[in-house]
Amino acid sequence: MKIIGKFSIRSLVVGIFLLVLLFYVLAPYVWLVIQSFVSYEHLSMSVPQFFPETFLNYLRLAGLVKPGGIYQMNVPPGVQYVGISILHSFAVSSTSTLIAIFLGSLSAYTFAKMKFRGSGRMLTTTIGLRMLPVTSVIIPIFILMNTLQLMDSLIGLIIVYTSMLIPYNILMLTSFFETIPSDLDDAARVDGCSRFQSLISVIMPLASPGLVAVAIFDFLIAWNEFFVALILTRSGASYTLPVIISMFTNVPQMIPYDYMITAGVVGSLPPLILSIVFSKYIVKGLTAGAIK
Amino acid sequence: MSEIVLENITKTFGKVVAVENVSLKVRKEEFLTLLGPSGCGKTTALRIVAGLEKPNEGNVYIDGNRVNDLQPGDRNIAMVFQSYALYPHKTVYENIAFPLKIRKVPKDELTKKVKEAASMLGIEELLNRKPKELSGGQRQRVALGRAIVRSPTAFLMDEPLSNLDAKLRVQMRVELKKLQSKLGITTIYVTHDQIEAMTMSDRVVLMNQGRIMQIGTSKEVYSHPDNVWVGGFMGTPPMNFLECIVETKNGHAAFTSEDFKLSIPDTMAKVMGEKTKDREVVLGFRPEDATLTFRDEEGAVKTRVYAIEPIGDALLVDLLIGQNIIKVRVRPDLELQSDSNVYLRIMLDKVHLFDKKNQQKIL
């Protein structure tokens, strides 16, 4: 194998390929972040700006600075709800994640540790139902939420998001729980635990990398969810961030790129921070079932 | 301490019958072993006693109380698993304390009991460690500590020594038996190791294919097997078997087959009686209950040496009688050649006679 300096040709080729891949993945986001610090005038120009120049976009998004002159026309509708929509997104995502993890764990424990007739079919059906596209069930969801008077409410969103997340959680958590030796569950039961106590005291602590990984994915799914939120929200009482950002396109005179880009960066921060902080658990969770 | 009764227990998993119509009584303070090959149903039977499996038929009684519907934690039994099943995220102290913590034992009393259990097993200095920091023998002691800490009325042990190396296994066998005797706790022990069963048990229950084949003391199951299977399972090397007919000619009886003819002494024939006349039987004898001679004597069977295995204090010799291979244990200084002819003398006063059809003991 030919060696160049300390590296073989093969490792150099692999390294270059990975760098290209990294660029392909990161470049759009880095570009987005840089452009969020570029003024509206320079955003509209055909010559791209590679360096940040101003914090004005963030100040405008936060409502701390009002745009003047002709730029008054590019203030998109809904910008006054940006702050509250972030809070709504956070509340809905974290609440539905917690409920889905808890309820999903109960089911996953049953499928993983309690063998009963039809359990295989039941698990497959649960997962299969999740395969239905949301668009095919949105009308019944709409009717249901309307009937229950949960339209335009955070509780309505939480209920729908939780029901979307649970089947996915059951699938993932069943796999994680199956990797935990059944002897531990048996030992806990002989020691005096009920099934529930065994789940809480023994199974879940041992499955914590998997639980954290699934929780992160749940949060990301809920945080980024747009379609259901668009249908079920009507006002500042329940708008989530993806819905608000979609409203920014409703400016016929001047497309508010500055607001859209800046809101996109702000909206990406919570999941990004979570992913970085819990990256160890995500990797552990993804690979947990891979090696026996 | 408890008396445990299994009454007509049957357990199936789909089409597989794991335990079939098993009934047995474990006396108070008794050390009873369930012994058998892998898949014979011994672990399933143990798990039924523990409450980890529900029988399809039959009842389990602990001290006269039917416990079929009681949860494992409510039966006041403790279990030691083959894998020890120590909670990896808890320290040794927390592992041992766990059964007491679940029962909401007051903290002072809990600490006292944990320290007592740790002291009894010599693991006080390990209390702050996690299971992954312990050796196999130490983990075993912690598992025992978790079992004894709440003074159960019965121990259930599922091959607890099988993960230890041979030397440690021998040491722990003795310690386990001493501990059980000291505490006087009724114990049901599951193993596939005959030595463990023979050395530790008050009684042994031999199981095969979900059924009980024999119950008795170590001596009884070894020296007086009830059937061919028990005779062939117990003992290393196992019992030898030769199929033949009890032929009577001119008032003299003999074990006869196309490969050999062995006269039966009159005294033995009298004991065997009319019921064995012209009957197809299986003649069983242990390797140590036969000798070899180089002369064609009265009562000796001509054989050919197939293999010779020196084992230090003896020779294990494989002999061919027709298509049958017979193993005998002889003194180590006997000079034998492979493929040579030798004559086998079976000690007829130590043979076991089984019916060929139903494989059950006749004599």
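Predicted model only: the values in this text are computed from it and were never measured.

**Overview of the overall build of chain A**
Line of reasoning, step 1. When you go through chain A residue by residue, the secondary structure sums to 14 helices and two strands.
Line of reasoning, step 2. Each of the 292 residues in chain A was classed as buried or not, and the buried ones make up 32%.
Line of reasoning, step 3. Of all intrachain contacts in chain A linking residues separated by at least 6 positions in sequence, the fraction that spans at least 24 positions is 72%.

**Observations concerning the interface of chain A and chain B**
Line of reasoning, step 1. If you look at the interface, chain A gives 14 residues, while chain B gives 16 residues.
Line of reasoning, step 2. Elements that contribute at least two residues to the side of chain A that touches chain B include exactly helix 8 (182-190) and helix 9 (195-206) of chain A.
Line of reasoning, step 3. Counting residues per element, the side of chain A that touches chain B draws most heavily on helix 8 of chain A, which supplies six residues.

**Some thoughts on unusual backbone geometry**
Line of reasoning, step 1. Note that the residue after T236 of chain B, namely P237 of chain B, is joined by a cis bond; omega there is -5°.
Line of reasoning, step 2. Tracing the chain through its elements places P237 of chain B in the loop between helix 8 (228-233) and strand 11 (240-249).
Line of reasoning, step 3. Residues other than glycine seldom take positive phi values, yet D152 of chain A does so here, at roughly 55°.
Line of reasoning, step 4. Looking at where D152 of chain A falls in the secondary structure, it is placed in the loop between helix 6 (134-147) and helix 7 (154-178).

**Points about the pairing of strand 4 (residues 57-62) of chain B**
Residue and element names in this part refer to chain B.
Line of reasoning, step 1. The pairing of strand 1 (residues 4-13) with strand 4 spans five bridges and is classified as antiparallel. Directly across from L6, in strand 4, lies its bridge partner V60.
Line of reasoning, step 2. As defined by bridge partners, strand 4 adjoins strand 5 (residues 65-66) across two bridges and the pair is classed as antiparallel. Among the inter-strand pairings, I62 is bridged to a residue of strand 5, identified as N65.

**A closer look at the domain arrangement of chain A**
Residues and elements named next belong to chain A.
Line of reasoning, step 1. Per the domain assignment, the segments of chain A are domain 1 (3-74) and domain 2 (79-287).
Line of reasoning, step 2. Relative placement of domain 1 and domain 2: their C-alpha centres are 30 Å apart.
Line of reasoning, step 3. Across the contact, twelve residues belong to domain 1 and 16 residues belong to domain 2.
Line of reasoning, step 4. Of all the secondary-structure elements, those providing two or more residues to the side of domain 1 that touches domain 2 are helix 1 (9-35), helix 2 (40-44) and helix 3 (56-61).
Line of reasoning, step 5. Residue composition of the side of domain 1 that touches domain 2, grouped by class: seven nonpolar, five polar and no charged.

**So, the domain arrangement of chain B**
Residue and element names in this part refer to chain B.
Line of reasoning, step 1. By the assigned domains, chain B splits into domain 1 (4-233) and domain 2 (240-355).
Line of reasoning, step 2. Put simply, the middle of domain 1 and the middle of domain 2, counted by C-alpha atoms, are 41 Å apart.
Line of reasoning, step 3. Here the side of domain 1 that touches domain 2 is composed, by residue class, of two nonpolar, three polar and no charged.

**A word on the packing of helix 5 (residues 119-130) of chain A against helix 7 of chain A**
The relative placement of two packed helices is expressed as an angle between their axes plus a distance between the axes.
All names here are of chain A.
Line of reasoning, step 1. Running from amino to carboxyl end, helix 5 crosses helix 7 at an angle of 135°, the nearest separation of the two axes being 8 Å. The angle between helix 5 and helix 7 falls in the class oblique. Note that helix 5 runs across helix 7; the crossing there is left-handed. On helix 7, the residues that touch L123, T126, I127, L129 and R130 of helix 5 are P167, Y168, I170, L171 and T174.

**Considering the packing of helix 8 of chain A against helix 9 of chain A**
Residue and element names in this part refer to chain A.
Line of reasoning, step 1. As a packed pair, helix 8 and helix 9 sit with axes 10 Å apart at the nearest point and diverge in direction by 135°. Overall, the two elements helix 8 and helix 9 adopt an arrangement that is oblique. Pair helix 8 / helix 9 crosses with right-handed handedness. Contacts between helix 8 and helix 9 pair L184, D185, A188 and R189 from the former with S198, S201, V202 and I203 from the latter.

**Considering the environment of R329 of chain B**
Residue and element names in this part refer to chain B.
Line of reasoning, step 1. Checked against the element boundaries, R329 lands in strand 18 (residues 324-330).
Line of reasoning, step 2. For the pair R329 and E309, spaced 20 residues apart in sequence, the C-alpha to C-alpha distance is 9.6 Å.
Line of reasoning, step 3. Among residues more than four places away in sequence, those in contact with R329 are P287, E288, A314 and L316.

**Brief notes about the environment of F177 of chain A**
Residues and elements named next belong to chain A.
Line of reasoning, step 1. Tracing the backbone shows F177 in helix 7.
Line of reasoning, step 2. C-beta crowding within 10 Å serves as the criterion here: with 24 such atoms nearby, F177 is assigned to the buried category.
Line of reasoning, step 3. As for F177 and Y109, which are separated by 68 residues in sequence, their C-alpha atoms are 6.5 Å apart.
Line of reasoning, step 4. Setting aside residues no more than four positions away along its own chain, F177 makes contact with A108, Y109, A112, K113, I203 and A207.

**Considering the nonpolar core**
Line of reasoning, step 1. Core analysis: the largest hydrophobic core is formed by 125 residues, its most contacted members being V49, M79, L156 and I188 of chain B.
Line of reasoning, step 2. Ranked by residue count, the leading element in this core is helix 7 of chain A, at twelve residues.
Line of reasoning, step 3. Every residue in contact with I188 of chain B, bar those within four places of it in the chain, is listed here: I4, V26, L32, L34, L46, V49, A154 and L156 of chain B.
Line of reasoning, step 4. Counting 24 residues, the second largest nonpolar core, distinct from the first, contains F255, L262, V282 and L283 of chain B.

**Focus: the sheet that holds strand 10 (residues 211-216) of chain B**
Residue and element names in this part refer to chain B.
Line of reasoning, step 1. Across the sheet, six strands lie side by side as 6-7-8-3-9-10; this open sheet has mixed pairing. Because the sheet does not close on itself, it has two edges, and the strands there are strand 6 (77-80) and strand 10. Across the sheet, the mean angle from the axis of one strand to that of its neighbour is 15°, orientation sign disregarded.
Line of reasoning, step 2. In this structure, strand 3 (residues 31-35) lies alongside strand 9 (residues 203-208), joined through four bridges in parallel fashion. Note that in strand 9 the partner of T33 across the bridge is V204.
Line of reasoning, step 3. In the packing of helix 4 (residues 136-148) onto the sheet, contacts are made with strand 6 and strand 7 (154-158), and the angle to strand 6 comes to roughly 175°.

So, how was this worked out
- Residues numbered from 1 in each chain as written.
- Chains lettered and ligands numbered in written order.
- Predicted model: local features only at pLDDT ≥ 70, side-chain atom pairs only at ≥ 80, totals over all residues.
- Helix = DSSP H or I, 4+ residues; strand = E, 2+ residues; numbered from the N terminus.
- Buried ≥ 20, exposed ≤ 12 C-beta atoms within 10 Å, placed from the backbone.
- Contact = placed C-beta atoms within 7 Å.
- Pairing = 2+ DSSP bridges.
- Domains from an automatic or database assignment.
- Nonpolar A, V, L, I, M, F, W, Y, C, P; charged D, E, K, R; others polar.
- Axes fitted to C-alpha atoms, helices over the stretch in contact; angles between N-to-C directions.
- Parallel < 35°, antiparallel > 145°, perpendicular 65-115°, else oblique.
- Left-handed = near helix turned anticlockwise from the far one by under 90°.
- Core = buried A, V, L, I, M, F, W, Y, C linked by C-beta atoms within 7 Å.

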